[in-house]
Amino acid sequence: MKLLILMGLFIFTSCAKVSYIFQQGVGQVALEYNDIDNEDFLLDPNQSDEHKEKVRVILKAKKFFYSYFKLKETSIYDEVKILDQPAVTYLVIHANDKKIKPIKTSFPIVGSFPYLGFFKKSDADKYVNEKKQEGFQTFIRPVYAYSTLNHPLWPFHDNILSSFFSYNERSLTELIFHELVHTIVFVGDNIQFNENLAQFISEKLTVNYFKNSDEQLLKIKARQEKNRELNRYIVSLSKELQKLYDKADGNYLEIQKDFLTKKFMPKVKRECRRLGFKQCWPLKQYWNNARFAALGTYEGKRDLLGDIYHQSNLSLKEFVIKLIELEKKYDQDKMSFTQFLKKEL
């Protein structure tokens, strides 16, 4: 059966996509090769104490996650994979000159994606150059963790990756919660919703996990809200830029350059100052339509999710269990999943 599916996938897929699928398969297999059982890793004198402690943090977070939601533990994160590069993969988003929207790439069976991931930086760079030559704007970013969804029918399973070790304890715990959410609730090919949901739940669960004092909790929430507020502000500015594109008949690159120089940078600088940021990270970044589209993909529905959660009057545990139930009943041809949630909750 798997062979027939793969044959069909290759028959109805272009040569470029076949090459990409092959590269992804090779990269995924490489993540399964030469991995180390957790117990062996923790006993290995050649591994640093710092990295061993990170593995313990991950295993503790995993145990808490499944216990909290009363779900059966899976084999996810039972082994460690030492990578030969800082990131596990590199995501590339591309967009045209007049639309702040990622151009999706579609594959038979698995659906459409607003970005492509590459296990090798050189492959990502090659793809970026191809898209630039075709006239697209591009954005590439390193990814330090990702999920295969750990589906029982999928021939691979997720390992602890050495790229995880760059996170501190709190950030690492939140990261693990985020990736585990993907394995229990994942709505079709709705990338924006899935990412926003995983982040929303992981932030709340992390607070619960560390059982912070009221004072610590207030500081954490304030920091998170400031970051979200800055991101929302940037998304709002990108919408202003889109309105300028919509009114124009051409010269989109000039419009973009003028907007970034005269409006975006000064406004973001003032917003960072208002929010009390000592380091205003957006000012150090290169912005174009693809970069704006990437931020919109990961920030677009978080506020809406918060509203749905609060209106449900459910605890976090009840909310997640309900989402698992509803995802199984959802028919994407009838309405969006957020509309479905509003209807059902």
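Procedures and definitions
Going along each chain's sequence as written, the residues are numbered from 1 onward. This being a predicted model, a pLDDT of at least 70 is required before a residue's local features are given, and a value of 80 or more before pairs of side-chain atoms are given or counted; all residues contribute to the totals for chains, interfaces and linings. Computation of side-chain values covers all heavy atoms of the structure but excludes hydrogens and water. Helical segments are the DSSP runs of H or I of at least four residues, strand segments are the runs of E of at least two, and each set is numbered from the N terminus. Relative accessibility under 20% of the residue-type maximum defines a buried residue, over 50% an exposed one, and the middle range a partly exposed one, all with a 1.4 Å probe and only protein chains included. Throughout, a contact is declared for two residues whenever any of their heavy atoms are within 4.5 Å. Computed with the Shrake-Rupley method and a 1.4 Å probe, the accessible areas treat only the protein chains shown as cover for residues. By convention in this document, the label disulfide applies to cysteine sulfur atom pairs within 2.5 Å. Among the buried residues, those of types Ala, Val, Leu, Ile, Met, Phe, Trp, Tyr and Cys that are joined through side-chain atoms within 4.5 Å form a nonpolar core. Think of it this way: DSSP has to see at least two bridges between two strands before they count as a pair. Salt bridges are defined as contacts in which a side-chain nitrogen from Lys or Arg sits within 4 Å of a carboxyl oxygen from Asp or Glu.

With that settled, consider the overall build of the protein. When you go through the protein residue by residue, the secondary structure sums to 13 helices and eight strands. Split into buried and exposed, the 345 residues of the protein put 46% on the buried side. When contacts within the protein are restricted to residue pairs at least 6 apart in sequence, long-range pairs at least 24 apart make up 71% of them. Only carbon and sulfur atoms are counted for the fraction: they give 54% of the accessible area of the protein, which is about 19200 Å².

Counted according to the given criterion, the structure contains one disulfide. Between the sulfur atoms of Cys272 and its disulfide mate Cys280 the distance is 2.0 Å. Disulfide Cys272-Cys280: torsion about the S-S bond near 65°, hence right-handed. The exposure class of Cys280 is buried, given its relative accessible area of 11%.

Before going further, it helps to examine the nonpolar core. Residues Phe65, Phe164 and Ile201 are the most contacted members of the largest nonpolar core, which totals 57 residues. Among the elements that line this core, the one with the most residues is helix H7 (residues 191-210), at eight residues. Residue contacts for Phe65: discarding those within four places in its chain leaves Phe177, Leu180, Val181, Ile184 and Leu205. Counting residues in hydrophobic clusters, the runner-up holds 20 residues, among them Ala248, Phe259, Cys280 and Ala293.

This part covers the sheet that holds strand S2 (residues 79-81). Strands sit in the order S1-S2-S8 across an open sheet of three strands; the sheet is mixed. Sheet topology places strand S1 (36-37) and strand S8 (160-161) at the edges, where each strand pairs with a single neighbour. As judged from the two bridges shared by S2 and S8, these two strands associate in the parallel manner. Within S8, the residue paired with Val80 across the bridge is Ile160.

Let us now look at the pattern of salt bridges. Opposite charge on two side chains makes pairing possible when the charged atoms of those side chains draw close. Scanning the model with the defined rule gives 15 salt bridges in all. The closest approach of N and O atoms between Lys322 and Glu325, which form a salt bridge, is 3.9 Å. Residue Lys322 and its partner Glu325 are located together in helix H12 (residues 316-329), separated by three residues, close to a single helical turn. Among the ionic pairs, Glu344 bridges to Lys343, the shortest N-O distance being 3.2 Å. Looking at Glu344, the relative accessible area reads 28%, which means it is partly exposed. Relative accessible area serves as the criterion here: at 56%, Lys343 is assigned to the exposed category. Among the ionic contacts, a cluster of salt bridges with common partners joins Glu203, Glu225, Arg228 and Arg232.

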